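As a plain string of letters, each chain reads:
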Amino acid sequence: MKERLEELIHIFEEIANNPKKMVEDYKKETGKEVIGVMPVYTPEEIIHAAGCLPIGLWGGKKEISKARAYLPPFACSIMQTVMELEIEGTYDILDAVLFSVPCDTLKCLSQKWKGKSPVIIFTHPQNRVIEGANIYLKREYETVKEELEKILGRNITNEDLKESIKIYNENRKTMREFVEIAAQYPQIIDPIIRHNIIKSRWFIRKEKHTAYVKELINELKKEPIIPWDGKKVILTGIMAEPKELLEIFKDEKIAIVGDDLAQESRQFRGDIPENGEDVLYNMTKWWQNLEGCSLATDTNKVRGEMLINMCESVKADAVIVCMMKFCDPEEFDYPIYHREFSEAGIKNISIEVDLEVSSFEQIRTRLQTFKDIL
Ligand code: SF4
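- The protein chain is annotated in an unreviewed UniProt entry as 2-hydroxyacyl-CoA dehydratase family protein of Fusobacterium simiae.
- What UniProt states about the protein chain under its Sequence similarities (unreviewed entry) heading is, verbatim, "Belongs to the FldB/FldC dehydratase alpha/beta subunit family."

Below, the structure written as structure tokens:
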């Protein structure tokens, strides 16, 4: 592997594993604010247009104790850890936190936020078919913008928003290219490196991330493509963490050649239209066009078909369902696409994602057996 490629992989690893440092560095270098964005979808472009750093709050591997006082034990694993970190004061460094509330747990957490940073809450319309939904969401985005302007004490112009949308679209396009290229180099881009590269986009400004990823793609293309003698899979779910989980994939030579994770590819599957002057309205189209996500109501339930097509196009051996513990929206989707997988002959297995767990041997055994079956 060439030296620069190794350096870039290391840069992504540093960013993905040190969000606190990224926040501190950004504040020191720019004097600007950092705004936390809760999973799963927020109009980050508005924050970016204000010159701030939007930073993803995805919890982390953690033992839960204090959060139990505020959340029921059956709240999803990710929000338990977010709450624990919040109580410990980890997020007090943020200048505000932006919440969308598409599930009950997020609704609950947005109302129980105990941190020092002010909270901005908005709602995505779940009827995404009618035009009224776009008008409603545009009004919600206007409120987000107004509240942010109040907190920051400066205005966000239409020109700034246009520029930010362009930067985000460029990042999304680059990430789609990365995912495709990475699948050709599983010997270099192993599951942990792939995750670091994608996750790091949550912790630095997108223009900087795009530049690094473009450079990495160029470096990767200089490497020879070597046939892969392991298995190839697609991941679906909210996220595939912690690192110990991905280590099993790496150890077992199971390459991740595509994903439908909310933390990863679902973020950059589509773009925001760049035509016209009504920028906030254009941003609503992204939500309206989002398909195959458990958080965006879809009466046609296209997720199964989408995953089956993805399997065929990347020649994956199977789909691994990374089921976030106690995530209702994801659990509701599962029986539907599981049946469709059976009908289409798609091999699949569901593993539980629990950020609190410390032993991964059960998952390792299941994945080893599944690999043998494949
Ligand atoms: S969508 Fe699922 S994982 Fe995300 S906050 Fe809601 S319940 Fe938790």
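**Some points on the environment of Val179**
- Within the secondary structure layout, Val179 lies in helix 7 (residues 158-182).
- When the C-alpha positions of Val179 and Ser342 are compared, they lie 26 Å apart, and in sequence the two are 163 residues distant.
- The residues contacting Val179, other than those within four sequence positions of it, are Arg194, Ile198, Ser265 and Phe268.

**What to know about the nonpolar core**
- Met38, Phe178 and Phe249 are the most contacted members of the largest nonpolar core, which has 111 residues in total.
- For this core, the leading source of residues is helix 7, giving seven residues.
- With residues up to four places along the chain from it excluded, the contact list for Phe178 reads Ile189, Arg194, Ile197, Ile198, Val213, Leu216 and Ile217.
- Counting 16 residues, the second-largest nonpolar core is a separate cluster that includes Ile234, Leu307, Met310 and Val319.

**Side note on unusual backbone geometry**
- In the segment running from Pro39 into Val40, the intervening peptide bond is cis, with an omega of 10°.
- Residue Glu241 is joined to Pro242 through a cis peptide bond whose omega torsion reads 0°.
- Position of Pro242 among the secondary structure elements: in the loop between strand 5 (231-237) and helix 10 (243-251).
- The backbone of Lys301 shows a phi angle near 50°, a positive value even though the residue is not glycine.

**Remarks on the environment of Ile256**
- Relative to the elements of secondary structure, Ile256 occurs in strand 6 (residues 254-261).
- If we ignore the near neighbours within four places in the chain, the residues touching Ile256 are Pro191, Arg194, Val233, Leu235, Leu246 and Phe249.

**Side note on the pattern of salt bridges**
- One pass over the structure, following the stated rule, counts 46 salt bridges.
- The salt bridge partner of Asp25 is Lys21, with a shortest N-O separation of 2.8 Å. Here Asp25 and its partner Lys21 are both found in helix 2 (residues 19-30), four residues apart, which amounts to about one turn of the helix.
- Residue Glu241 is joined to Lys199 by a salt bridge in which the shortest nitrogen-to-oxygen separation is 2.9 Å. You can see Glu241 sitting in the loop between strand 5 and helix 10 and its partner Lys199 sitting in helix 8 (residues 191-199), a full 42 residues away along the chain. Across this residue pair, the class does not change: Glu241 and Lys199 are buried.

**As for the pairing of strand 8 (residues 348-353)**
- Within strand 8, five of the six residues are buried, which leaves the element mostly enclosed by the surrounding structure.
- Taken together, the six bridges between strand 7 (residues 318-324) and strand 8 define a ladder with parallel strand orientation. Residue pairing in the sheet places Cys322 in a bridge with Ile351 of strand 8.
- Viewed along the sheet, the connection from strand 7 through helix 13 (residues 328-344) into strand 8 turns out right-handed.

**Thoughts on helix 8**
- A large share of helix 8 lies buried, amounting to nine of its nine residues.
- Here the buried face of helix 8 lies against helix 1 (3-17), helix 7, helix 9 (206-221), helix 10 and strand 6.
- Its side-chain oxygen 2.9 Å from the backbone nitrogen of Ile192, Asp190 forms the N-cap of helix 8.

**A word on the environment of Glu331**
- With respect to the secondary-structure elements, Glu331 resides in helix 13.
- Residues Glu331 and Asp25, spaced 306 residues apart in sequence, show a C-alpha to C-alpha distance of 38 Å.

**Quick word on the side chain of Ser77**
- Along the chain, Ser77 turns up in helix 4 (residues 77-87).
- Reaching out from Ser77, the side chain makes a polar contact with the side chain of Asp354 at a distance of 3.3 Å.
- Apart from the residues within four sequence positions on either side, Ser77 is in contact with Met324, Lys325, Val353, Asp354, Leu355 and Glu356.

**Some remarks on the site of the ligand**
- Around the ligand, a shell composed of Cys76, Ile78, Met79, Cys103, Thr105, Leu106, Ile238, Leu295, Met324 and Cys327 is seen.
- Elements supplying a minimum of two residues to the shell around the ligand: helix 4 and helix 5 (104-111).
- The residue makeup of the shell around the ligand, split by class, is nine nonpolar, one polar and no charged.

Calculation rules
Per-chain numbering applies: the sequence of each chain, read as written, is numbered from 1 onward. With pLDDT at 70 or above as the cut-off, local features in this predicted model cover only qualifying residues; side-chain atom pairs require 80 or more to be listed or tallied, and sums for whole chains, interfaces and linings still use all residues. No hydrogens and no water enter the side-chain calculation; it runs on all heavy atoms of the structure. UniProt positions are given in the numbering used here, feature names are shortened, and annotations may be inferred rather than shown by experiment. Secondary structure elements are taken from DSSP: a helix is a run of H or I of four residues or more, a strand is a run of E of two residues or more, and numbering for both begins at the N terminus. Contact criterion: two residues are considered in contact whenever any of their non-hydrogen atoms come within 4.5 Å of each other. The set of buried Ala, Val, Leu, Ile, Met, Phe, Trp, Tyr and Cys residues whose side-chain atoms join them within 4.5 Å is what this entry labels a nonpolar core. For each residue, the accessible area found with a 1.4 Å probe, counting protein chains only, is set against the maximum for its type, and the residue is called buried under 20%, exposed over 50%, and partly exposed in between. By definition here, a salt bridge exists when the distance from a side-chain nitrogen of Lys or Arg to a carboxyl oxygen of Asp or Glu is within 4 Å. Paired strands, in this sense, are two strands between which DSSP finds at least two bridges. When the strands point away from the viewer and the connection leading from the first strand across the helix to the second strand turns clockwise, the crossover is called right-handed. By the criterion applied in these results, polar contacts are pairs of N or O atoms within 3.5 Å in which, for protein atoms, one can donate a hydrogen and the other can accept it, and in which residues neighboring in sequence qualify only through two side-chain atoms. Proximity criterion: a residue is near a molecule or strand once any of its heavy atoms comes within 4 Å of it. Following the grouping adopted for this structure description, the nonpolar residues are Ala, Val, Leu, Ile, Met, Phe, Trp, Tyr, Cys and Pro, the charged ones are Asp, Glu, Lys and Arg, and the polar ones are all others, Gly among them.

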